[in-house]
Amino acid sequence: MTQSIERVTATTPTFSALKCRECGTTYDLGAKHVCEDVCFGPLEVAYDYDAIRQRVTRSSIQAGPLSIWRYKDFLPVVGDNPIDVGTGMTPLVRANRLARRLGLKELYIKNDAVNMPTLSFKDRVVSVALTRARELGFTTVSCASTGNLANSTAAIAAHAGLDCCVFIPSDLEAGKVLGTLIYNPTVMAVNGNYDQVNRLCSEVANTHDGWGFVNINLRPYYSEGSKTLAYEVAEQLGWRLPDHIVAPLASGSLFTKIYKGFQEFVTVGLVDEKPVRFSGAQAEGCSPIAQAFKEGRDFVTPVKPSTIAKSIAIGNPADGIYALDIARKTNGNIESVTDAEIIAGMKLLAETEGIFTETAGGTTIAVLQKLVAAGKIDPEESTVVYITGNGLKTQEAVQGYVGEPFTIEPKLDSFERALERSRTLDRLEWQQVLV
Ligand SMILES: *Cc1c(COP(=O)(O)O)cnc(C)c1O
């Protein structure tokens, strides 16, 4: 296919090559993701940080749009017309009630449960990937998804007028499926788990070379979008880095890119250097990276996923070894929690902070709790927890665990009786807590 670059701006790009993470071989800026000439390592976008340092200041960023595109010089797009659907600049919430509950001093929630347009952090990676896809001349975009990526790819493709065909495992939550179908893409529900979906998509990518798979042949561009989760936190903390971050791990990409984002801000002088500890969260039913961490291995053994945390159920994580390396060298941890703990984590965040997250967020909160209890997060550390998705998409997970409304007659005495019952129930709950 032709890979002509549209809408080139007057400003020269701050990146000029793809570079192999393992052997450093460079490639042109096309749609490829593996080092096919040498070692089959993953390709990454390489930037000219001197050029970025000269161009970017805190105030130039603050004068930019209220979206991820305020960090455009750190992102792999060349044109001056990125697809801006308001993605990014989600709230960084000071979580005082949750902090008190856990015994922490300075805790923040980075709340991508309200990211735009599809209520998960995936809108960041897709905004970047589809902007780049358009620049490379693709007219059909696709992805292998655990749910949120399909929502995001379908929505942003609709906005950009791109044809879209997404692949999901056939057992996803109803909200994730409907939240894709509404945008009217072609949806392939594959009878298999994510890792099988991903394998199929690699074959399709090889045989349909006009298709841009956001997380396969466009992966080097896609993954860069996650760096904005680091930039925003640094800016929202008043241009400083936190002491500790906790984030969920599926392929491990998000985790490694938050690390890269912090490093880049230090490199170009936007924040002072400081050690940040990186801790990762997995569901016990799909915890290949946590298992490798626990056993001191530097390789990840694939597993077959079985957990309610479907959005992070990747049994063969592409960036698992890099996530392991980051957790170890920053003195962080990678922990896993059971499905019951995930549900409890979702409820805890909702009850203390008013944030309804999906199962991936429940996993992250439950791991936060576990790390604090084990003394692996210091109460004095400023800690940022990344909440990456919205609970309305995984209602099945908490159905039956959230009680029921009091159904009453439209009469005052009916209300009074129900109120009395609710107070009795509250007391009973307290007694259960006390025993
Ligand atoms: C995809 C996803 C993640 C993690 O993604 P990585 O593959 O590790 O980058 C985390 N949370 C949610 C809600 C997701 O959809």
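Look a little higher up for the structure.
Just so you know, these numbers come straight off a predicted model, no measurement behind them.

Colleague: Break down the sheet that holds strand β3 (residues 43–47) for me, with residues and values.
Modeller: The antiparallel open sheet is built from 3 strands, whose spatial order is β2-β1-β3. Looking at which strands have only one partner, the edges of the open sheet turn out to be β2 (26–27) and β3. The pairing of strand β1 (residues 15–20) with β3 spans 5 bridges and is classified as antiparallel. Its bridge partner lying in β3, Leu18 is registered against Val45.

Colleague: With reference to specific residues and values, describe the site of the ligand.
Modeller: Near the ligand lie 15 residues; those nearest to it are Lys122, Asn148, Ser251, Leu254 and Thr388. Within the side chain of Asn148, an N or O atom sits 2.9 Å from an oxygen atom of the ligand. The backbone of Gly252 places a nitrogen or oxygen atom 3.0 Å from an oxygen atom of the ligand. Against a free-state accessible area of 390 Å², the protein chains account for coverage of 97% of the ligand. When atoms are counted within 2 Å of each cavity's grid points, the one that captures over half of the ligand is the largest pocket. The class makeup of the residues in the shell around the ligand is 7 nonpolar, 6 polar and 2 charged.

Colleague: With reference to specific residues and values, describe the packing of helix α10 (residues 253–267) against helix α12 (residues 320–329).
Modeller: Interhelical geometry of α10 versus α12 gives an angle of 50° and a closest axis separation of 8 Å. Viewed along their axes, α10 and α12 adopt a mutual orientation that is oblique. Considering the relative orientation of α10 and α12, their crossing is left-handed. Contacts between α10 and α12 involve Phe255, Thr256 and Tyr259 on the former and, on the latter, Tyr322, Ala323, Ile326, Ala327 and Lys329.

Colleague: If you had to explain the nonpolar core to someone new, which residues and values would you point to?
Modeller: With 77 residues, the main nonpolar core has Ile245, Ile258, Phe262 and Phe265 as its most contacted residues. No other element matches α10, which puts 6 residues into this core. When residues no more than four places from it in sequence are discounted, the contact partners of Ile245 are Phe255, Ile258, Phe262, Val276, Arg277, Phe278, Ser279, Val384 and Tyr386. Phe167, Val246, Ala360 and Val398 belong to the second-largest nonpolar core, a separate cluster that totals 44 residues.

Colleague: Residues and numbers for the layout of surface pockets, please.
Modeller: Each pocket or cavity is described by its volume, and for the largest pocket that value is around 900 Å³. In terms of lining residues, the largest pocket is bounded by 47 residues, among which Tyr194, Arg219, Ser251, Ala318 and Asp319 are the most central. For the lining of the largest pocket, the element with the highest residue contribution is helix α7 (residues 194–207), accounting for 5 residues. Among the residues making up the lining of the largest pocket, the classes are represented as 21 nonpolar, 17 polar and 9 charged.

Reading the values: the criteria
Residues numbered from 1 in each chain as written. Predicted model: local features only at pLDDT ≥ 70, side-chain atom pairs only at ≥ 80, totals over all residues. Heavy atoms only, no water. Pairing = 2+ DSSP bridges. Helix = DSSP H or I, 4+ residues; strand = E, 2+ residues; numbered from the N terminus. Near = heavy atom within 4 Å. Polar contact = N/O pair within 3.5 Å; in protein donor to acceptor, adjacent residues only side chain to side chain. Areas by Shrake-Rupley, 256 points an atom, 1.4 Å probe, with all protein chains shown as cover. 1 Å grid on protein atoms, 1.4 Å probe; cavity = no way out; pocket = protein on both sides within 12 Å on 5 of 7 lines; lining within 4 Å. Sits in = over half its atoms within 2 Å of the grid points. Nonpolar A, V, L, I, M, F, W, Y, C, P; charged D, E, K, R; others polar. Axes fitted to C-alpha atoms, helices over the stretch in contact; angles between N-to-C directions. Parallel < 35°, antiparallel > 145°, perpendicular 65-115°, else oblique. Left-handed = near helix turned anticlockwise from the far one by under 90°. Contact = heavy atoms within 4.5 Å. Core = buried A, V, L, I, M, F, W, Y, C linked by side-chain atoms within 4.5 Å. Buried < 20%, exposed > 50% of the residue type's maximum accessible area, 1.4 Å probe, protein only. Points joined across faces, edges and corners; volume = space filled by probe spheres on them.

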